[in-house]
Amino acid sequence: MKKLNILFTASEAAPFAKTGGLADVAGALPKALKKLGHDVRVVIPRYYVVDKEKYNLKPLQGALGVPMGVMGEIWCGVYEGKIPNSDVPIYFIEHEGFFGRSGLYADENNISYSDNDNRFIFLSKAALQLAKKLRFKPDIVHANDWHTAPTALFLNTHYVWDSDFEDTASVLTIHNLQHQGKFYKGVMDVLSVGWEHFTPQELEEYDGVNLLKGGIYNCDVFNTVSRKYAKEIQTPEFGWGLDGVIRDHKDKLYGILNGVDYSEWSPDIDPYIPKNYDLDNLGGKRVCKRELQKEFGLPQRDDVPLIGFVGRLAEQKGIGLIAEIIWSLLERDVQFVLLGSGEKWAEDLFRHVSYWKKDKFACKIGYDNPLSHRIEAGSDLFLMPSLFEPCGLNQIYSLRYGTLPIVRAVGGLDDTIENYDPYTKSGTGFKFYEASGRALLSTIDWAIDTYYNDKEGMKNLIKNAMSKRFDWESSAKAYEDIYYLAKAKRKCKKYQ
Ligand code: ADP
Ligand code: GLC
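Residues numbered from 1 in each chain as written. Chains lettered and ligands numbered in written order. Predicted model: local features only at pLDDT ≥ 70, side-chain atom pairs only at ≥ 80, totals over all residues. Heavy atoms only, no water.

### Here we look at the domain arrangement of the protein
Interface size is commonly expressed as the accessible surface area that is lost when the partners come together.
And then number 1: Once the domains are mapped, the protein shows domain 1 (5-259 + 473-494) and domain 2 (283-469).
And then number 2: The gap between the C-alpha centroids of domain 1 and domain 2 is 33 Å.
And then number 3: In this complex, domain 1 contributes 20 residues to the contact, which on the side of domain 2 involves 20 residues.
And then number 4: Buried area between domain 1 and domain 2, summed over both chains or domains, comes out near 1,400 Å², and the portion from carbon and sulfur atoms is 56%.
And then number 5: Contact with domain 2 buries surface across domain 1, with Lys-228, Phe-238 and Leu-257 losing the most and accounting together for 28% of the total.
And then number 6: For Lys-228, the salt bridge is made with Asp-414, and the minimal N-O distance between the two is 2.8 Å.
And then number 7: Counting every contact that joins domain 1 to domain 2 gives nine residue pairs in polar contact (both at pLDDT 80 or more).
And then number 8: Of all the elements in the fold, those that place two or more residues in the side of domain 1 that touches domain 2 are helix 1 (21-35) and helix 8 (227-232).
And then number 9: It is helix 8 that contributes the most residues to the side of domain 1 that touches domain 2, four residues altogether.
And then number 10: Grouping the amino acids of the side of domain 1 that touches domain 2 by side-chain chemistry returns five nonpolar, nine polar and six charged. (Domains from an automatic or database assignment. Contact = heavy atoms within 4.5 Å. Buried area = accessible area lost by both parts, 1.4 Å probe. Salt bridge = Lys/Arg side-chain N within 4 Å of Asp/Glu carboxyl O. Polar contact = N/O pair within 3.5 Å; in protein donor to acceptor, adjacent residues only side chain to side chain. Helix = DSSP H or I, 4+ residues; strand = E, 2+ residues; numbered from the N terminus. Nonpolar A, V, L, I, M, F, W, Y, C, P; charged D, E, K, R; others polar.)

Right, here's the structure in full:
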């Protein structure tokens, strides 16, 4: 098969700018695609957090003109670098007005920037303009979430007769359907694609504009980051109002599980943890546990189950369920460490709990990558009671660190974790189904009971978990398949 030119666009990419798993994917999938022989170019904004010196970013010659409808043509700069440990080029769109800010999407009080519509329409258009400037004729434009979904719309409108894009197909990955890019209908004048696109099937929603919906309508193929989530979003429970639209397009919908960058997340080589370990030498994990307890000021005990949590403190992550059961849970002989930031009520609650339950519960409110590694390594159990989870990465990291996940059986959590079976001793974690505090607490109790009373079961679970692999290579091959499919679909459409 012909190797492909892939223009990969996203609003964040690790390690340059990250708020969540999207950045992990945008930093890792292009590398895996490159290894398969494709020419991949990544485009993200140049926020203030992107460190030009550290990553040796160089300005590209000449400014880039970006037509923005009623706003006119807006000019920007472009910086070029490489994704670390690879030769994948990454380009940063530099525009002080749009991206010269400390936050990616919101200010320090977590209030979304009021011009996010213009900012990300600009990014989408700039990515396509940049391809022209670089004389890079993409076979595929791969957009991620609502921020870059307009690329699919533009390819079908402004660029449809452009010879630089004559063989270009579009792929859209949905990492999180909750966020759809919904704005006031005046945005149509910035998109400037014609009001005939302002229909309930394409861009219109309750007299406003929904950018993700426009992407779903216009792309050749779209996917979510697990198979289960691809099914779930076709139902009202998980569809965030778009389930009908998604059902209408289900013939071009796929589910591809994310991979893990094991050069970053492996206990045998992890530079952030106090002692490296692996399956045949678990002694290091005990050291990690003791050090973690020390770091959080908890009693240094080997004989108590230590539960870890790392993640955004957002409703999605099941923080409401944790809040419901936290006091009852802490009546047990258990320890709990939590790292995260987000909803203010949750930050306040967890600080409050740590004050009253110093010997059992400790938290750090904030974002701390090295600490997240130490929690993965030092905990016995890892909690992820999400209300919905498109894929989820932390539970997959946990498997590699022999830290048994306790998860709700939704989306990627259900696809990656196998429930423990005490009779056969098979499984890699503990699952519950109902989104209730009662179900969560009884499953944690089951895990605690296994920890105390079923040593052989625990041993097997750890062995099973640590032997699992979710590498990027297989996910990249699945993306390769949908790229070829998207190209074939595009060709058919052209000759229809
Ligand atoms: P989501 O993208 O929905 O936030 P994922 O599980 O896919 O969830 O990815 C979250 C990523 O962000 C993981 O790499 C996780 O380690 C990281 N992360 C989230 N919160 C924090 C935090 N407070 N400190 C360090 N890393 C965090
Ligand atoms: C989103 C989802 C998460 C997924 C990540 C990367 O942020 O919430 O489940 O792992 O994207 O695809």
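Additional details are given in the paragraphs that follow.
### Some words on empty space enclosed by the protein
And then number 1: Counted under the stated rule, the structure contains one cavity of 30 Å³ or more.
And then number 2: By volume, the largest cavity amounts to about 30 Å³.
And then number 3: Arg-46, Tyr-48, Glu-94, His-95, Glu-96, Phe-99 and Gly-100 together form the lining of the largest cavity.
And then number 4: Class assignment of the residues belonging to the lining of the largest cavity gives a composition of two nonpolar, two polar and three charged. (1 Å grid on protein atoms, 1.4 Å probe; cavity = no way out; pocket = protein on both sides within 12 Å on 5 of 7 lines; lining within 4 Å. Points joined across faces, edges and corners; volume = space filled by probe spheres on them.)

### Describing the site of ligand 1
And then number 1: Taken together, 21 residues lie around ligand 1, and Gly-21, Asp-24, Arg-312, Lys-317 and Gly-366 are the ones closest in.
And then number 2: Between Asp-368 and ligand 1, the recorded distance is 3.0 Å, taken from a backbone N or O atom to a nitrogen atom.
And then number 3: Asn-394 places a polar side-chain atom, nitrogen or oxygen, 3.2 Å from an oxygen atom of ligand 1.
And then number 4: Against a free-state accessible area of 560 Å², the protein chains account for coverage of 94% of ligand 1.
And then number 5: With three residues, strand 14 (residues 306-313) is the largest single contributor of residues to the shell around ligand 1.
And then number 6: Here the residues of the shell around ligand 1 sort into five nonpolar, 10 polar and six charged.
And then number 7: In terms of domain composition, the shell around ligand 1 takes at least three residues from each of domain 1 (5-259 + 473-494) and domain 2 (283-469). (Near = heavy atom within 4 Å. Areas by Shrake-Rupley, 256 points an atom, 1.4 Å probe, with all protein chains shown as cover.)

### Digging into the sheet that holds strand 19 (residues 430-432)
And then number 1: Read from one edge of the open sheet, six strands run 16-15-14-17-18-19, paired in parallel fashion. Two strands lie at the open edges of the sheet, namely strand 16 (361-365) and strand 19, each paired on one side alone. Adjacent strand axes in the sheet meet at a mean angle of 15° when their direction is disregarded.
And then number 2: In terms of strand pairing, strand 14 meets strand 15 (residues 335-342) through eight bridges, oriented parallel. For Val-310, the partnering residue across the bridge sits in strand 15 and is Leu-339.
And then number 3: Docked against the sheet, helix 11 (residues 319-329) engages strand 14, strand 15, strand 16, strand 17 (381-384) and strand 19, running at close to 150° with respect to strand 14. (Pairing = 2+ DSSP bridges. Axes fitted to C-alpha atoms, helices over the stretch in contact; angles between N-to-C directions.)

### Regarding the side chain of Asn-210
And then number 1: When you line up the elements, Asn-210 lands in strand 11 (residues 208-210).
And then number 2: Reaching out from Asn-210, the side chain makes a polar contact with the side chain of Glu-205 at a distance of 2.9 Å.
And then number 3: At 3.1 Å, the side chain of Asn-210 and the backbone nitrogen of Leu-212 are in polar contact.
And then number 4: Asn-210 has contacts with Gln-180, Gly-181, Lys-182, Glu-202, Leu-203, Glu-205 and Leu-242, leaving out every residue within four places of it along the chain.

### Let's talk about the packing of helix 10 (residues 283-295) against helix 13 (residues 369-378)
And then number 1: Helix 13 packs onto helix 10 with a crossing angle of 125° between their chain directions and a minimal axis gap of 8 Å. The orientation of helix 10 relative to helix 13 falls into the category oblique. Relative to helix 13, helix 10 is oriented so that their crossing is left-handed. Contacts between helix 10 and helix 13 involve Lys-285, Cys-288, Lys-289, Leu-292 and Glu-295 on the former and, on the latter, Leu-371, Arg-374, Ile-375, Glu-376, Ala-377 and Gly-378.
And then number 2: Here the residues of the contact of helix 10 with helix 13 are counted per class, giving five nonpolar, one polar and five charged. (Parallel < 35°, antiparallel > 145°, perpendicular 65-115°, else oblique. Left-handed = near helix turned anticlockwise from the far one by under 90°.)

### Re helix 3 (residues 116-133)
And then number 1: Taking 1.5 Å as the rise per residue, helix 3 with 18 residues should run 26 Å; its terminal C-alpha atoms sit 25 Å apart, in good agreement.
And then number 2: Downstream of helix 3 by one or two residues, Arg-135 has phi in the positive range, about 55°. (Expected span 1.5 Å × (residues − 1).)

### Observations concerning the site of ligand 2
And then number 1: The environment of ligand 2 is made up of 13 residues, and the closest members are His-175, Asn-258, Gln-316, Glu-389 and Gly-392.
And then number 2: Within the side chain of Asn-258, an N or O atom sits 2.8 Å from an oxygen atom of ligand 2.
And then number 3: One of the side-chain nitrogen or oxygen atoms of Glu-389 is found 2.5 Å away from an oxygen atom of ligand 2.
And then number 4: Relative to its unbound accessible surface of 310 Å², ligand 2 loses 93% to contact with the protein.
And then number 5: Broken down by element, the residue count for the shell around ligand 2 peaks at three residues, all from helix 1.

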